[in-house]
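# Residue-level structure breakdown
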Amino acid sequence: MRGPFPASPWEPAIKTPRTIYEGKIIRLEIEPVELPDGRRFDLEVVRHPGGAAVVALDERGWVCLLRQYRHAAGGWLWELPAGKLEPGEPPLRTAQRELAEEAGLHGERWQPLGTIASSPGILAETIHLFLAQGLHSGERNMDEHELIEVHWFPFAEALEWARSGVIVDAKTLAGLFRAQPFAEAIS
């Protein structure tokens, strides 16, 4: 089985993929596959190194959300601090690095919140979710292509934004709902 998700009794027969595009972050491949029912055809798969996202929860039960400009999404989104895995970098280290770079925060206590597949129909990307607590401030060091504002909200308000559709980013939705028991333990 490829990836961290549970194995199934059937594994796809994958032949050698053909790369048709390779950029700085993604690679687009055409993969000949055979489905469990025996049908065969070519699939387009976008390969991505994966990422990590952080629910940064302070001692009051407030959560750090970033208001980030995302050209591909058509404007501003509310998101958790997150970023892509660097080669050989463990997901927890990515989460710690991204929290520092984007929000200027460091956490003393870390809890894994599992993984998600962001768009499994076409995208081979796994995002690792973490909860960070025992927060303290540091320097921000954003990438040149990032436009990010740091905001704090009561966790219940952020969760209501997730329920109502104000927050639409998938990793943020999953991270908030998975962190809910930890936030409720604070309040």
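Here is what the cut-offs are and how they apply
- Residues numbered from 1 in each chain as written.
- Predicted model: local features only at pLDDT ≥ 70, side-chain atom pairs only at ≥ 80, totals over all residues.
- Heavy atoms only, no water.
- Pairing = 2+ DSSP bridges.
- Helix = DSSP H or I, 4+ residues; strand = E, 2+ residues; numbered from the N terminus.
- Axes fitted to C-alpha atoms, helices over the stretch in contact; angles between N-to-C directions.
- Contact = heavy atoms within 4.5 Å.
- Patch = residues over 30% accessible without salt bridge, like charges linked within 9 Å, V, L, I, M, F, W, Y side chains within 5 Å.
- Areas by Shrake-Rupley, 256 points an atom, 1.4 Å probe, with all protein chains shown as cover.
- Salt bridge = Lys/Arg side-chain N within 4 Å of Asp/Glu carboxyl O.
- Buried < 20%, exposed > 50% of the residue type's maximum accessible area, 1.4 Å probe, protein only.
- Phe/Tyr/Trp six-rings, centres within 6.5 Å; stacked < 30°, edge-to-face > 60°.
- Lys NZ or Arg CZ within 6 Å of the ring centre and 35° of its normal.

### Let's talk about the sheet that holds strand β7 (residues 75-79)
Read from one edge of the open sheet, three strands run β7-β6-β12, paired in antiparallel fashion. Whereas interior strands pair on both sides, the edge strands pair on one side only; in this sheet they are β7 and β12 (148-154). Taking the axes of each pair of neighbouring strands and ignoring which way they run, one obtains an average angle of 25° across the sheet. Relative to β7, strand β6 (residues 62-70) runs antiparallel, the two being bridged by five bridges. Across the sheet, Arg 67 pairs through a bridge with Trp 78, a residue of β7. The sheet strands contacting helix α2 (residues 155-164) are β6, β7 and β12, and the helix crosses β12 at an angle near 110°.

### Points about a nonpolar patch on the surface
Taken together, the side chains of Ile 20, Tyr 21, Ile 25 and Ile 26 present a nonpolar region at the surface, about 360 Å² in accessible area. Within the fold, Ile 25 resides in the loop between β2 (18-22) and β3 (27-34).

### Structural notes on the pattern of salt bridges
What the rule picks out here adds up to 14 salt bridges. Residue Arg 39 is joined to Asp 37 by a salt bridge in which the shortest nitrogen-to-oxygen separation is 2.8 Å.

### What to know about the side chain of His 128
Position of His 128 relative to the elements: it lies in strand β11 (residues 126-137). Using a relative accessible area of 17% as the deciding quantity, one classes His 128 as buried.

### A look at the sheet that holds strand β8 (residues 82-84)
Overall, mixed pairing links the four strands, which are arranged β8-β5-β11-β9 in an open sheet. Edge positions in the open sheet fall to β8 and β9 (105-117), since each of these has one partner strand only. Direction aside, neighbouring strands of the sheet carry axes that sit 25° apart on average. Bridge analysis of strand β5 (residues 51-56) against β11 gives six bridges, and the strand direction is parallel. What sits directly across from Ala 53, in β11, is Leu 129. Packing against the sheet, helix α1 (residues 91-103) makes contact with β5, β8, β9 and β11, and its axis sits at approximately 120° to β9. Strands β5, β8, β9 and β11 of the sheet are contacted by helix α3 (residues 170-186), whose axis makes an angle of about 125° with β9.

### Section: the packing of aromatic side chains
A ring pair, where both rings are aromatic, is described by two values, the distance of the centres and the angle of the planes. By the definition in use, this model includes five aromatic pairs. Centroid distance Trp 78 to Phe 153: 5.3 Å. Interplanar angle 85°. Geometry classified as edge-to-face. In this pair, Trp 78 sits in strand β7 while Phe 153 sits in strand β12, placing the two residues 75 residues apart along the sequence. Exposure class is identical for Trp 78 and Phe 153. Each is buried. Plain terms: the ring middles of Trp 78 and Trp 161 are 5.1 Å apart, the flat faces sit at 55° to each other, and that makes the pair tilted. Here Trp 78, found in strand β7, pairs with Trp 161, found in helix α2; they are 83 residues apart in sequence, far enough to count as distant. When sorted by exposure, Trp 78 lands in the same class as Trp 161, which is buried. Through successive ring pairs, a cluster of aromatic residues spans Trp 78, Phe 153 and Trp 161. Positioned over the ring face of Trp 62 is Arg 60, at 4.2 Å from the centre of the ring. Across from the ring centre of Trp 76, 4.1 Å away, lies the NZ or CZ of Arg 67, which sits over that ring.

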